[in-house]
Amino acid sequence: MIHVHHRADDSSPLTAHLDDESDTASAGAALAAALRVGLVIYLRGDLGAGKTTLVRGVLRALGHDGKVKSPTYTLIEPYLVSRLHLYHFDFYRFAVPEEYLEAGLDEYFDGNGVCLVEWPDKAAPYIAAPDLEIRLTVSGPGRRLEALALTEAGQTCIRKLDSELSRNPT
């Protein structure tokens, strides 16, 4: 079951405890309902924290029924789902931030899609600033999700995410 801790105000993060992998995917489905074209969302967390599982939940909710894998080796997995161009990035293998520029990935951040980015610090300072940061941490057998809005578009997204998580606590 997803246990949501409501925000005190718009400047505080939304937090939730996710009991298991299914809850992480369900949180992704809730996020899918809140996505709008142009959003840049950083996904933070250690290896195995559930970032790709969260993205899988987003994609399933948007109607993608194919395989969803981490783009650790390919850097990007593009999807055209439902109403969105969704780009899933993983910069874990970057040795230096300039690899982001060399790969020509900045064109994906032009505001015409949704960018979900794992390991964004590996591409700093070149990568676009996020609208929303989602951090997943291992918490006992489950996960702790913390979402922080950094722009007005991020605030709109997080309000909808809070509403969706509260409505469907699985």
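Everything quoted here is computed from the prediction, not taken from an experiment. (Residues numbered from 1 in each chain as written. Predicted model: local features only at pLDDT ≥ 70, side-chain atom pairs only at ≥ 80, totals over all residues. Heavy atoms only, no water.)

*Asks:* Sorry if this is basic, but what is going on with the overall build of the protein here?
*Replies:* Along its length, the protein carries four helices and eight strands. Walking the protein from its N terminus toward its C terminus, one meets helices and strands in the order β-β-α-β-α-β-β-α-β-β-β-α. On C-alpha atoms alone, the protein measures out to a radius of gyration of 15 Å, which is about the 15 Å that the 2.2 N^0.38 rule sets for 170 residues. By its C-alpha atoms, the protein is 40 × 30 × 30 Å across when sized along the principal axes. A separation threshold of at least 6 residues defines the contact pool for the protein, and within that pool the share at least 24 residues apart is 62%. On the protein, roughly 7,900 Å² of surface is accessible, and the fraction owed to carbon and sulfur atoms is 51%. (Helix = DSSP H or I, 4+ residues; strand = E, 2+ residues; numbered from the N terminus. Rg over C-alpha atoms; globule rule 2.2 N^0.38 Å. Contact = heavy atoms within 4.5 Å. Areas by Shrake-Rupley, 256 points an atom, 1.4 Å probe, with all protein chains shown as cover.)

*Asks:* How should I be thinking about the pairing of strand S1 (residues 2-5) in this particular structure?
*Replies:* Walk down a regular strand and you will see the side chains alternate between the two sheet faces. Burial along S1 is one-sided: the face carrying Ile-2 and Val-4 is buried and the face carrying His-3 and His-5 is not. In this structure, S1 lies alongside strand S2 (residues 14-18), joined through four bridges in antiparallel fashion. Across the sheet, the residue bridging to Ile-2 is Leu-18, located in S2. (Buried < 20%, exposed > 50% of the residue type's maximum accessible area, 1.4 Å probe, protein only. Pairing = 2+ DSSP bridges.)

*Asks:* Can you help me understand the packing of aromatic side chains in this one?
*Replies:* Any two aromatic rings considered together are summarised by their centre-to-centre distance and by the angle between their planes. Applying the stated criterion across every chain, the model contains eight aromatic pairs. Aromatic side chains Phe-89 and Tyr-108 sit 5.9 Å apart centroid to centroid with 70° between the ring planes, which places their arrangement in the edge-to-face category. Placement of Phe-89 in strand S5 (residues 84-90) and of Tyr-108 in the loop between helix H3 (98-102) and strand S6 (114-118) is noted, with a sequence separation of 19 residues between them. Residue Phe-89 is classed as buried on the basis of its relative accessible area of 0%. Note on Phe-89 and Phe-109: the rings are 4.9 Å apart at their centroids and 25° apart in plane angle, and the pair reads as stacked. Residue Phe-89 is located in strand S5, and its partner Phe-109 is located in the loop between H3 and S6; the two are separated by 20 residues in the primary sequence. The pair Phe-89 / Phe-109 is uniform in exposure class, with both members buried. An aromatic cluster is defined as three or more aromatic residues linked by ring pairs; in this entry it consists of Tyr-87, Phe-89, Phe-91, Phe-94, Tyr-100, Tyr-108 and Phe-109. Just above the ring of Tyr-92 sits the side chain of Lys-122; from NZ or CZ to the centre is 5.6 Å. (Phe/Tyr/Trp six-rings, centres within 6.5 Å; stacked < 30°, edge-to-face > 60°. Lys NZ or Arg CZ within 6 Å of the ring centre and 35° of its normal.)

*Asks:* Just checking my understanding: could you explain the layout of surface pockets for this structure?
*Replies:* Take a probe with the size of a water molecule and roll it over the atoms, and the empty space left behind shows itself. Each pocket or cavity is described by its volume, and for the largest pocket that value is around 150 Å³. Together, 13 residues line the largest pocket, and Leu-47, Gly-48, Lys-51, Thr-52 and Glu-118 are the ones closest to its centre. In terms of residues, the lining of the largest pocket owes the most to one element, helix H2 (residues 51-61), which gives three residues. Grouping the amino acids of the lining of the largest pocket by side-chain chemistry returns four nonpolar, six polar and three charged. (1 Å grid on protein atoms, 1.4 Å probe; cavity = no way out; pocket = protein on both sides within 12 Å on 5 of 7 lines; lining within 4 Å. Points joined across faces, edges and corners; volume = space filled by probe spheres on them. Nonpolar A, V, L, I, M, F, W, Y, C, P; charged D, E, K, R; others polar.)

*Asks:* What's the story with the nonpolar core in this structure? I'm lost.
*Replies:* Soluble globular proteins tend to pack their nonpolar side chains together in the buried interior. Counting residues in hydrophobic clusters, the biggest one holds 37 residues, and the most contacted among them are Leu-31, Leu-35, Ile-41, Leu-86, Leu-132 and Ile-134. Residues within four places of Ile-41 in sequence aside, it is in contact with Leu-31, Leu-35, Cys-115, Leu-116, Val-117, Leu-132 and Ile-134. (Core = buried A, V, L, I, M, F, W, Y, C linked by side-chain atoms within 4.5 Å.)

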